[in-house]
Amino acid sequence: MAEDKIILETQNLTKRYGQILAVDGLSLQVQAGEIFGFLGPNGAGKTTTILMLLGLTQPTGGRVRVCGFDPTREAIQVKRRVGYLPEHLGFYEDMTARENLRYVSRLNGIPEETAGPRIEEALQTVGLPDDGDRRVGEFSRGMRQRLGIAEVLIKDPQLVILDEPTLGLDPDASNRIIGLIEELSRAKGITVLFSSHHLHQVQKISDRIGIMIRGRMVAVGTIDQLAQEKLGIGKETYTLEELYLKYFQEA
């Protein structure tokens, strides 16, 4: 992990929808090469935060920088450097995996001579090299998730944001996705911010976590640090679920 380089930073980031305060003064830093687990119950403000990081909705107040750019004013620069895997994926069902990836590469302005090798490398990385010519309509949910990660990879991103990447997957498919996320960071040096309700998976691979409740980030740090601060217990004598519930109950 590149300790001296901050790839994502917010300062007092706020978002209101009328009288509803969805994100309340969020200040956060994520370092290059880090896997950051983004936790919180439904309605906590996680998705709204992600949308602001991507420049898909404007903050009401505060400041945000992603890969050195302001998503509100420099959204194109951010989109070139950030890959996003939403909770609900959309592909052209009657097109093959390769055809979908070629289409996405053209949308991102990636030259054909660059896109071709990237597509093949991405399919290999996600374990779909023999399925590239199958129609996506034939894919299982797990295969679609892996294809979604391949789609992210062809942009050669600095930062990947994953929203519930293992939702609805069986244990084997979930483990494949979690292993792939870890490989992206450890082997390729990609910074990963991912949101998940599967706390054991978050505990397995995250360098640090943030817990968001009712629009506020109530805790940020390594899991061991937070367990020591909140529970007063040492390494491997707790679960992230216990820690998470403690913060949730107190909030």
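Reading the values: the criteria
Residues numbered from 1 in each chain as written. Predicted model: local features only at pLDDT ≥ 70, side-chain atom pairs only at ≥ 80, totals over all residues. Heavy atoms only, no water. Helix = DSSP H or I, 4+ residues; strand = E, 2+ residues; numbered from the N terminus. Rg over C-alpha atoms; globule rule 2.2 N^0.38 Å. Buried < 20%, exposed > 50% of the residue type's maximum accessible area, 1.4 Å probe, protein only. Contact = heavy atoms within 4.5 Å. Areas by Shrake-Rupley, 256 points an atom, 1.4 Å probe, with all protein chains shown as cover. Lys, Arg positive; Asp, Glu negative; His and termini not counted. Charge placed at Lys NZ, Arg CZ, Asp CG, Glu CD. 1 Å grid on protein atoms, 1.4 Å probe; cavity = no way out; pocket = protein on both sides within 12 Å on 5 of 7 lines; lining within 4 Å. Points joined across faces, edges and corners; volume = space filled by probe spheres on them. Nonpolar A, V, L, I, M, F, W, Y, C, P; charged D, E, K, R; others polar. Expected span 1.5 Å × (residues − 1). Arc of directions from axis to C-beta. Polar contact = N/O pair within 3.5 Å; in protein donor to acceptor, adjacent residues only side chain to side chain.

Chemist: Before we go on, may I ask you to explain the overall build of the chain in this structure?
Modeler: Summing up its helical and strand segments, the chain has nine helices and nine strands in all. A compact globule built from 251 residues would reach a C-alpha radius of gyration of about 18 Å, and the chain, at 18 Å, matches this within 12%. Principal axes of the C-alpha set define a box for the chain whose edges measure 50 × 40 × 35 Å. Sorting the 251 residues of the chain into buried and exposed places 50% on the buried side. Across the chain, the fraction of contacts at a sequence separation of at least 24, relative to all contacts at a separation of at least 6, is 67%. Of the accessible surface of the chain, which amounts to about 12000 Å², a share of 45% is contributed by carbon and sulfur atoms. Of the side-chain charges in the chain, 30 are positive and 34 negative, and the distance between the mean point of each set is 5 Å.

Chemist: How should the environment of Gly189 be read in this particular structure?
Modeler: With respect to the element layout, Gly189 can be found in the loop between helix H6 (171-186) and strand E7 (191-195). Residue classification places Gly189 among the partly exposed positions, given a relative accessible area of 46%. Separated by 30 residues in the primary sequence, Gly189 and Leu159 place their C-alpha atoms 9.4 Å from one another.

Chemist: Sorry if this is basic, but what is going on with the environment of Leu153 here?
Modeler: Tracing the chain through its elements places Leu153 in helix H5 (residues 141-153). Along the sequence, Leu153 and Ile178 sit 25 residues apart, while their C-alpha atoms lie 15 Å from each other. Contact partners of Leu153, with chain neighbours within four places excluded, come to Ala122, Thr125, Val126, Leu184 and Ile190.

Chemist: What am I meant to see in the layout of surface pockets here?
Modeler: Space inside the largest pocket adds up to approximately 630 Å³. Lining the largest pocket are 22 residues; nearest its centre among them are Lys79, Val82, Val104, Asn108 and Lys155. Contributions of two or more residues to the lining of the largest pocket are made by helix H2 (75-81), strand E5 (82-85), helix H3 (97-107) and H5. Classifying every residue of the lining of the largest pocket by side-chain character gives twelve nonpolar, five polar and five charged.

Chemist: What is the right way to read H6 from this model?
Modeler: Since the α-helix advances by 3.6 residues per turn, residues separated by three or four positions end up pointing in the same direction. For H6, which comprises 16 residues, the first-to-last C-alpha distance of 22 Å matches the rise-based estimate of 22 Å (1.5 Å per residue) to within 8%. If you check which residues of H6 are buried, you get Ala173, Ser174, Ile177, Ile178, Leu180, Ile181, Leu184 and Ser185. On an axial view of H6, the arc spanned by its buried residues comes to 155°, and they lie on one face. In H6, the exposed residues that point more than 90 degrees away from the buried face are Pro171 and Asp172. Summarising the contacts, the buried residues of H6 are in contact with strand E3 (35-39), helix H4 (112-125), H5, strand E6 (159-163), E7 and helix H7 (199-205). The opening residue of H6 is Asp170, an N-cap whose side-chain oxygen sits 3.1 Å from the backbone nitrogen of Asp172.

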